[in-house]
Amino acid sequence: MSFGETPITIIGNLTADPELKFTASGQALARFTVASTPRTFDRENNQWKDGTSTFFRCAAWRTLAEHVADSLTKGSRVVLSGRIRQHDWQTPEGENRSMLAVEVDEIGASLRFTTVQINGRRTNGAGLSGDDPWATASAATGSDAEPPF
């Protein structure tokens, strides 16, 4: 993250399946919207009440985009972190427009109300080494030996 960027963490639900597209240069881009709705407990009525939802337009790039499209669907509850970006453009009629969107750095399923099964293997993304200390023979056999670090 660069100096001056606005970080954000959002917990909410996808409003639709992510849209996966590829740029002209072949970069994967997943776009989706997350609705975050605060809940408060009304002691007078002894029930939970939903507040006003806030909708966040989100974008994930490259391998993360593909993983989002393969893993998440409408209604998925997620926890994500990213950066708020402002996008400015002009309509064909010459009107100036602007919108805020979240560029997603990390995203995962929320385990608060459900369980998930992790499938697949760790990939060599940017900044990750291929050496996984938890994937040693002792870890795979359930040995109590400490990992090698």
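Residues numbered from 1 in each chain as written. Predicted model: local features only at pLDDT ≥ 70, side-chain atom pairs only at ≥ 80, totals over all residues. Heavy atoms only, no water.

To continue, consider a nonpolar patch on the surface. On the surface, a cluster of nonpolar side chains totalling about 320 Å² of accessible area is made up of Leu111, Val116 and Ile118. Within the element layout of this structure, Val116 appears in the loop between β8 (96-109) and α2 (137-140). (Patch = residues over 30% accessible without salt bridge, like charges linked within 9 Å, V, L, I, M, F, W, Y side chains within 5 Å. Areas by Shrake-Rupley, 256 points an atom, 1.4 Å probe, with all protein chains shown as cover. Salt bridge = Lys/Arg side-chain N within 4 Å of Asp/Glu carboxyl O. Helix = DSSP H or I, 4+ residues; strand = E, 2+ residues; numbered from the N terminus.)

Scored by pLDDT, the protein chain comes out at a mean of 86, with 79% of its residues at no less than 70. Predicted confidence in the protein chain is weakest over α2, with a mean pLDDT of 47, and strongest over strand β2 (residues 19-22), with 98. Across residues 136-140, confidence stays below pLDDT 50; counting only partners more than four residues off in sequence or on other chains, it has 4 contacts. (pLDDT = per-residue confidence, 0-100. Contact = heavy atoms within 4.5 Å.)

Here the focus is unusual backbone geometry. Keep in mind that most residues, glycine aside, have a negative phi and that most peptide bonds are trans. Here the phi dihedral of Asn46 falls at roughly 55°; this positive angle occurs in a residue that is not glycine. With respect to the helices and strands, the residue Asn46 is situated in the loop between β4 (39-42) and β5 (47-50). Classification of Asn46 as exposed rests on a relative accessible area of 59%. Within the chain, Arg62 stands out as a residue other than glycine whose phi angle is a positive 55°. Along the chain, Arg62 turns up in helix α1 (residues 62-71). The partly exposed category is assigned to Arg62, whose relative accessible area is 49%. (Buried < 20%, exposed > 50% of the residue type's maximum accessible area, 1.4 Å probe, protein only.)

Turning our attention to the nonpolar core. Counting 17 residues, the largest nonpolar core has Phe32, Val34, Leu80, Val104 and Ile107 as the members making the most contacts within it. Where this core is concerned, the elements lending two or more residues are β1 (6-14), β3 (28-36), β6 (54-61), α1, β7 (77-90) and β8. It is β3 that provides the largest number of residues to this core, a total of 4 residues. Those residues within four positions of Phe32 in sequence are excluded, and the remaining contacts are Leu14, Pro18, Phe56, Arg57, Cys58, Ala60, Val68, Leu80, Val104 and Ile107. (Core = buried A, V, L, I, M, F, W, Y, C linked by side-chain atoms within 4.5 Å.)

So, on to the pattern of salt bridges. Evaluated as defined, the whole model comprises 8 salt bridges. When the shortest N-O distance is used, the salt bridge between Arg83 and Asp105 registers 2.6 Å. Placement of the pair is Arg83 in strand β7 and Asp105 in strand β8, with a sequence separation of 22 residues. Judged by its relative accessible area of 12%, Arg83 is buried. Overlapping salt bridges, with partners in common, bring together Glu5, Arg83, Arg85, Glu103 and Asp105 in one network.

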